[in-house]
Amino acid sequence: MSQSTSLPTHVAIIMDGNGRWATNRGRPRFAGHRAGAAAVRRVVEAAPHLGITTLTLFAFSADNWKRPATEVNRLLRLFLGYVRAETATCVERGVRLTVIGRRDRLPPTLVEAVETAEHATAGGRTLHLRLAIDYSARHAIAQAAAAGTLESMEAVDLLIRTGGEKRLSDFLLWESAYAELYFTPVAWPEFSAASLAEALAEYRRRQRRFGGLPGLPGPRDEAAVAS
Ligand code: FPP
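Since the structure is predicted, the reported quantities are computational estimates derived from the model, not experimental observations. (Residues numbered from 1 in each chain as written. Predicted model: local features only at pLDDT ≥ 70, side-chain atom pairs only at ≥ 80, totals over all residues. Heavy atoms only, no water.)

Caption draft 1: A look at the overall build of the chain. On a plain count of helices and strands, the chain comes out with 7 helices and 6 strands. The C-alpha extent of the chain, read off along each of the three principal axes, is 50 × 40 × 35 Å. Looking at the 227 residues of the chain, the share that counts as buried comes to 50%. A fraction of 77% describes how many contacts in the chain between residues 6 or more apart in sequence connect residues 24 or more apart. Looking at the chain as shown, the accessible area adds up to about 10,900 Å², and 54% of this sits on carbon and sulfur atoms. Positive and negative charge centroids in the chain, built from 29 and 23 side chains respectively, lie 6 Å apart. (Helix = DSSP H or I, 4+ residues; strand = E, 2+ residues; numbered from the N terminus. Buried < 20%, exposed > 50% of the residue type's maximum accessible area, 1.4 Å probe, protein only. Contact = heavy atoms within 4.5 Å. Areas by Shrake-Rupley, 256 points an atom, 1.4 Å probe, with all protein chains shown as cover. Lys, Arg positive; Asp, Glu negative; His and termini not counted. Charge placed at Lys NZ, Arg CZ, Asp CG, Glu CD.)

Caption draft 2: Examining the packing of helix α2 (residues 29-46) against helix α3 (residues 69-93) more closely. α3 packs onto α2 with a crossing angle of 20° between their chain directions and a minimal axis gap of 11 Å. Judged by the inter-axis angle, α2 sits roughly parallel to α3. Crossing of α2 over α3 shows right-handed handedness. On the side of α2, the interface is formed by Arg-29, Phe-30, His-33, Arg-34, Ala-37, Val-40, Arg-41, Val-44 and Glu-45, while α3 contributes Glu-71, Arg-74, Leu-75, Leu-78, Tyr-82, Ala-85, Glu-86 and Arg-93. (Axes fitted to C-alpha atoms, helices over the stretch in contact; angles between N-to-C directions. Parallel < 35°, antiparallel > 145°, perpendicular 65-115°, else oblique. Left-handed = near helix turned anticlockwise from the far one by under 90°.)

Caption draft 3: Main features of the sheet that holds strand β6 (residues 180-183). Across the sheet, 6 strands lie side by side as β3-β4-β2-β1-β5-β6; this open sheet has parallel pairing. Whereas interior strands pair on both sides, the edge strands pair on one side only; in this sheet they are β3 (95-100) and β6. When strand polarity is set aside, the average angle formed by the axes of neighbouring strands in this sheet is 20°. Summarising the sheet, β3 and strand β4 (residues 127-135) pair through 6 bridges and their orientation is parallel. Across the sheet, the residue bridging to Thr-98 is Arg-130, located in β4. This element, helix α6 (residues 193-205), spans β1 (10-14), β5 (158-161) and β6 of the sheet and lies at about 135° to β5. (Pairing = 2+ DSSP bridges.)

Caption draft 4: Local environment of the pairing of β4. Burial analysis of β4 places 9 of its 9 residues in the buried class, which makes it a mostly covered element. The pairing of strand β2 (residues 54-61) with β4 spans 7 bridges and is classified as parallel. The partner of Thr-56 across the bridge, within β4, is Arg-130.

Caption draft 5: A look at the site of the ligand. The full set close to the ligand counts 17 residues, and Asp-16, Gly-19, Arg-20, Arg-29 and Arg-67 are the nearest of them. For the ligand, an oxygen atom lies 3.4 Å from a polar atom in the backbone of Gly-17. Between Arg-20 and the ligand, the recorded distance is 2.7 Å, taken from a backbone N or O atom to an oxygen atom. Compared with its free state, where it exposes 620 Å², the ligand has 92% of that area covered by protein. Secondary structure elements with two or more residues in the shell around the ligand: α1 (18-23), α2 and α3. Looking at the shell around the ligand, its residues break down into 8 nonpolar, 5 polar and 4 charged. (Near = heavy atom within 4 Å. Polar contact = N/O pair within 3.5 Å; in protein donor to acceptor, adjacent residues only side chain to side chain. Nonpolar A, V, L, I, M, F, W, Y, C, P; charged D, E, K, R; others polar.)

Caption draft 6: Fine view of the nonpolar core. Judged by nonpolar contacts, the single largest core of 43 residues is most densely connected at Ile-13, Leu-55, Leu-57, Leu-129, Leu-131 and Ile-160. At 8 residues, the largest contribution of residues to this core is made by α3. Sequence-distant contacts of Leu-55, defined by excluding residues within four places in its chain, comprise Val-11, Ile-13, Val-43, Val-44, Ala-47, Leu-127, His-128, Leu-129 and Arg-130. Formed by 16 residues, the second largest nonpolar core is a distinct cluster that contains Phe-58, Ala-144, Val-156 and Leu-159. (Core = buried A, V, L, I, M, F, W, Y, C linked by side-chain atoms within 4.5 Å.)

Caption draft 7: Focus on the pattern of salt bridges. Tallied over the entire structure, the rule returns 19 salt bridges. Residue Glu-165 is joined to Arg-20 by a salt bridge in which the shortest nitrogen-to-oxygen separation is 3.9 Å. On the criterion of sequence distance, the pair formed by Glu-165 in the loop between β5 and β6 and Arg-20 in helix α1 is long-range, its members being 145 residues apart. Here Glu-86 ties to Arg-41 by a salt bridge, and the two come within 2.7 Å at their closest N and O atoms. (Salt bridge = Lys/Arg side-chain N within 4 Å of Asp/Glu carboxyl O.)

In short, the description is geometric, and any link to function would need to be established separately.
In structure tokens:
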């Protein structure tokens, strides 16, 4: 990745605002999550056409277990349905689907579906779709430090958060060391291919220096970060 890069290859998204979107429409929070799943499909379809090669989506944080059990269970079922239903489409479109985060606290049915999808889509080269489920960046960093794999964590070029909040919420903290940050008030269920294109246009207006000076290559550009 050069500092004057025109396209972000790794885009990460904190998909926020589902609940508020639904509540504002007098609907139950889960209607927002269901609409959020439709937004995931739209964005995954659009991403390769916009030059994105890796897309990491924050679906469920390690802190989301604090939510009411009914919401947690429905979310986990939504992920299960998504992974099962999308595996064939991913294979067709050359999308490699993987899941990051802890697996030991997930329902076995979801873990099985994830493993099946990861196996079936392993050859996908058009887009690497990574779903973060039961994910905590601090936990992932501690694990990678212990395993000596920190340097192989893939740098994020552009980190998007929808829903109006401006924080990182323990998402990809190591990988986002030099990420460009983009915050939008648009609620995730309303995020579209056009919204993604708009974020990318803003990214292209930014100048990435990686701590260097304009015109000089960033020190961690190629090997260390963009692996
Ligand atoms: C944050 O909105 C969103 C989540 C905790 C869940 C993300 C899940 C989806 C987008 C559903 C579909 C995902 C997949 C991978 C199929 P929030 O509920 O915190 O919204 P709020 O801040 O308005 O309450």
